[in-house]
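Breakdown of the fold
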Amino acid sequence: QVQLVESGGGLVQAGGSLRLSCAASGSIFRINRMGWYRQAPGKQRELVATITSGGSSDYADSVKGRFTISRDNAKNTVYLQMTSLKPEDTGDYYCKGEARTLYHPGYLDYWGQGTQVTVSS
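These notes cover the structure that comes with them. (Residues numbered from 1 in each chain as written. Predicted model: local features only at pLDDT ≥ 70, side-chain atom pairs only at ≥ 80, totals over all residues. Heavy atoms only, no water.)

On to the overall build of the protein chain. Each helix and strand in the protein chain was counted, giving zero helices and eleven strands. The C-alpha atoms of the protein chain give a radius of gyration of 14 Å, which matches the 14 Å a tight globule of 121 residues would have. Taken over the C-alpha atoms alone, the protein chain extends approximately 50 × 25 × 20 Å along its principal axes. With 121 residues in all, the protein chain has 40% of them scored as buried. Taking the 13 positively charged and 10 negatively charged side chains of the protein chain as two groups, their mean positions are separated by 4 Å. (Helix = DSSP H or I, 4+ residues; strand = E, 2+ residues; numbered from the N terminus. Rg over C-alpha atoms; globule rule 2.2 N^0.38 Å. Buried < 20%, exposed > 50% of the residue type's maximum accessible area, 1.4 Å probe, protein only. Lys, Arg positive; Asp, Glu negative; His and termini not counted. Charge placed at Lys NZ, Arg CZ, Asp CG, Glu CD.)

So, about the pairing of strand β5 (residues 46-51). Across five bridges, the pairing between strand β4 (residues 28-39) and β5 is antiparallel. Following the sheet pairing, G35 is matched in β5 by T50. Between β4 and β5, which pair antiparallel one after the other, the connecting turn spans six residues, and G42 there sits at a positive phi close to 75 degrees. Linking β5 back to strand β6 (residues 57-59) in an antiparallel pair, the connection comprises five residues, with G55 at a positive phi of about 100 degrees. (Pairing = 2+ DSSP bridges.)

A few words now on unusual backbone geometry. Of note, N76 is a non-glycine position whose phi angle comes to about 50 degrees, a positive value. Mapped onto the secondary structure, N76 falls in the loop between β7 (67-72) and β8 (77-82). Although it is not a glycine, S84 sits at a positive phi angle of roughly 50 degrees. As for its placement among the helices and strands, S84 is situated in the loop between β8 and β9 (91-101).

A separate point is the packing of aromatic side chains. Counting across every chain of the model gives one aromatic pair. When the ring centre of W111 is taken as reference, the NZ or CZ atom of R45 above it lies at 3.9 Å. The ring of F29 has R100 lying over it, and the distance from NZ or CZ to the ring centre is 4.2 Å. (Phe/Tyr/Trp six-rings, centres within 6.5 Å; stacked < 30°, edge-to-face > 60°. Lys NZ or Arg CZ within 6 Å of the ring centre and 35° of its normal.)

A few words on the state of the cysteines. In total, this model carries one disulfide according to the counting rule given. A disulfide bridge connects C22 with C95, and the sulfur atoms are separated by 2.2 Å. Sign of the S-S torsion, about -85 degrees for the bond between C22 and C95, identifies this disulfide as left-handed. Residue C22 is located in strand β3 (residues 18-26), and its partner C95 is located in strand β9; the two are separated by 73 residues in the primary sequence. Take C22 and C95: they sit in the same class, and that class is buried. (Disulfide = S-S within 2.5 Å.)

If you want it as structure tokens, here you go:
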């Protein structure tokens, strides 16, 4: 199986920065697309950013120009550098990885448990 663990969340003032990390572990053969999602209280989970194994990235319009997603394939880790944070960015941030294990042929989506980001006004 594959486990994803997020870290780096916390409390920050508007205009500040945070860097989230998500490390994948387990019987990993390959991880294709990875992404960050977030969910505010009482709202649905939404896509923040995705990145392919080759480094091609996409962003939600709400974070474009402020957030940067990156990955280190050797470490099976994906990052989200967040700058110019706004109160609207507050929520639980989840990491997702599309991965194939060493012992099974198909690719499946794996989710982390989330890390909380709170941006004060």
